[in-house]
Amino acid sequence: DLPGFGRSRPLATPDWSPDAHADALMCFLAGRGERVHLLGNSLGGALSISVAARRPELVASLTLVSPAMPDRRPDPRRIADPRLALAMVPVLGRRARAQIAELTAAERAEQTIRLCFGDPGVVPPQRLAQAVAEIEARADLPWARQAVMGTAGQMIASWALGGLWRQAARVQAPTLVVWGDRDRLVSPRLAARTASTIPGARLLMLPGVGHVAQMEAPDAVAAAVGELWED
C-alpha cells in the first residue's frame, strides 16, 4: 500500500502529493533490482504513469485501468454521497459532515460499489462483506482519513498544472489502457486521449463496465494483459 493507506504508516513528514506517492513506489521498485510489469487502477494508474515516465528502466510494461487523468468537470455522478460537496463548505456543511459521519460501514461500502461498478449487482455478498470489514479496519487507523482527503486534494490540485499529460507522452514501456464505458469517476471520454498520448499504447474499451474493470471484467482484462506481456 501507499504511505498512509491500508496498514502502511504515512511518512514521518506526511506528503500526500502525487509526486511523493510516486517517489515511494519508485523506491520500492528500485529495491527489487529488476524491471516489473506495472498495473495501476485510478490513482494507481496516474502514479504508474509518473513512474514509467521518470524511471523507464524500472518498467517492462504498463497497464492502466481507468487512470486518474486530469478531469475538472463538475459532475455530481462522480460523488459517492451528494452531501460530500456540501460538507466541504465551512460552517454551512456542519450538518452534512455530521450526517456523513453517522453512516455505517455497510452504507459506505454500498455507496462505493454503486459509484465504482457499472453493474453493482455483480458484486457477490462475500466481497461486500470484505469491503465492510476493510472500512471498519481503516476506521481504527489514525492516519486513514488524513491520507484519503490529503491525497485527493493534492491530486486535484496537480491537475491544474497538466503535468500528468506531459508525463504520459514520455512513457516508453509497452502500454495497455483499459476503460469501462460506464465509468463515473474518470470519464470514458478521456480513454482515447490517454491511449493516443502514450506512444504506441493500445486501448481496450469494455461495454457496461465501470471504474474497476479488473474486478468487474477480470477475464477480459487478464486476457488483454496476457497479450501485452506475450507481445
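Now for a look at the structure at hand. Here the residue numbers are simple positions, counted from 1 along each chain's written sequence. Local features in this predicted model are restricted to residues of pLDDT 70 or higher, and side-chain atom pairs are both shown and tallied only at a pLDDT of 80 or more, whereas totals for entire chains, interfaces and linings draw on every residue. Note that water and hydrogens are dropped before the side-chain values are worked out from all heavy atoms of the structure.

A positive phi angle, near 60 degrees, is found at Ser42, a position not held by glycine. Topologically, Ser42 is positioned in the loop between strand 1 (36-41) and helix 2 (43-54). Unusually for a residue other than glycine, Ser66 sits at a positive phi of about 45 degrees. Only DSSP runs of H or I covering at least 4 residues are called helices, and only runs of E covering at least 2 are called strands; the numbering of each starts at the N terminus. Structurally, Ser66 can be placed in the loop between strand 2 (59-65) and helix 3 (83-87). Buried means the residue's accessible area, taken with a 1.4 Å probe over protein chains only, is under 20% of the maximum for its type, while exposed means over 50%, and partly exposed covers the values in between. Look at Ser66 and you get buried, because its relative accessible area is 0%.

Turning to helix 9 (residues 189-197), its buried residues number three or more, namely Leu190, Ala191, Thr194 and Ala195. Seen from one end, helix 9 has its buried residues packed into an arc of 130 degrees, which puts them on one side. In this structure, helix 9 carries Arg189 and Ser196 as exposed residues pointing more than 90 degrees from its buried face. Here, residues are in contact when the closest pair of their heavy atoms is within 4.5 Å. Those residues of helix 9 that are buried are in contact with helix 8 (163-169), strand 3 (175-180) and strand 4 (202-206). What the arc describes is the spread of directions from the helix axis to the C-beta atoms.

Attention now moves to the side chain of Thr194. With respect to the helices, strands and loops of the structure, Thr194 is situated in helix 9. On the basis of relative accessible area, Thr194 is assigned to the buried category, the value being 1%.

In this analysis an axis means a line fitted to C-alpha atoms, helices contributing only their contacting stretch, and an angle means the value between N-to-C directions, from 0 to 180 degrees. Two elements in contact, helix 1 (residues 18-30) and helix 2, have axes whose closest approach is 9 Å; the angle formed by their N-to-C orientations is 60 degrees. Between helix 1 and helix 2, the crossing angle belongs to the class labelled oblique. Helix 2 is crossed by helix 1, and the crossing has right-handed handedness. Facing Pro18, Asp19, His21, Ala22, Asp23, Leu25, Met26 and Leu29 of helix 1, the residues of helix 2 in contact are Leu47, Ser50, Val51 and Arg54. Any residue outside Ala, Val, Leu, Ile, Met, Phe, Trp, Tyr, Cys, Pro, Asp, Glu, Lys and Arg is labelled polar, Gly included; the first ten of those are nonpolar and the last four are charged. For the contact of helix 1 with helix 2, the per-class residue count stands at seven nonpolar, two polar and three charged. In these notes the angle categories are as follows: under 35 degrees is roughly parallel, over 145 is roughly antiparallel, 65 to 115 is roughly perpendicular, and the rest is oblique. Handedness of a helix crossing follows the sense of rotation of the near helix relative to the far helix, less than a right angle counterclockwise being left-handed and clockwise being right-handed.

Quick look at the packing of aromatic side chains now. Centre distance within 6.5 Å is the pairing criterion for rings of Phe, Tyr and Trp, where only the six-membered ring of Trp is used; planes under 30 degrees apart are then read as stacked, over 60 as edge-to-face, and the remainder as tilted. Here the structure, examined in full by the defined rule, presents zero aromatic pairs. Whether a charge sits over a ring comes down to the Lys NZ or Arg CZ being within 6 Å of the ring centre and within 35 degrees of the ring normal. One cation-aromatic arrangement involves Arg193 over Trp165; the distance from NZ or CZ to the ring centre is 3.7 Å.

Direction vectors running N to C along helix 5 (residues 105-116) and helix 6 (residues 125-139) enclose 120 degrees, while the axes themselves pass 9 Å from each other. By the criterion of interaxial angle, the relationship of helix 5 to helix 6 is oblique. Considering only the axes of helix 5 and helix 6, their crossing is right-handed. Along the contact surface, helix 5 presents Ala105, Ala106, Arg108, Ala109, Glu110 and Ile113, while helix 6 presents Leu128, Ala131, Val132, Ile135 and Glu136.

Taken by themselves, the reported measurements are silent on function.
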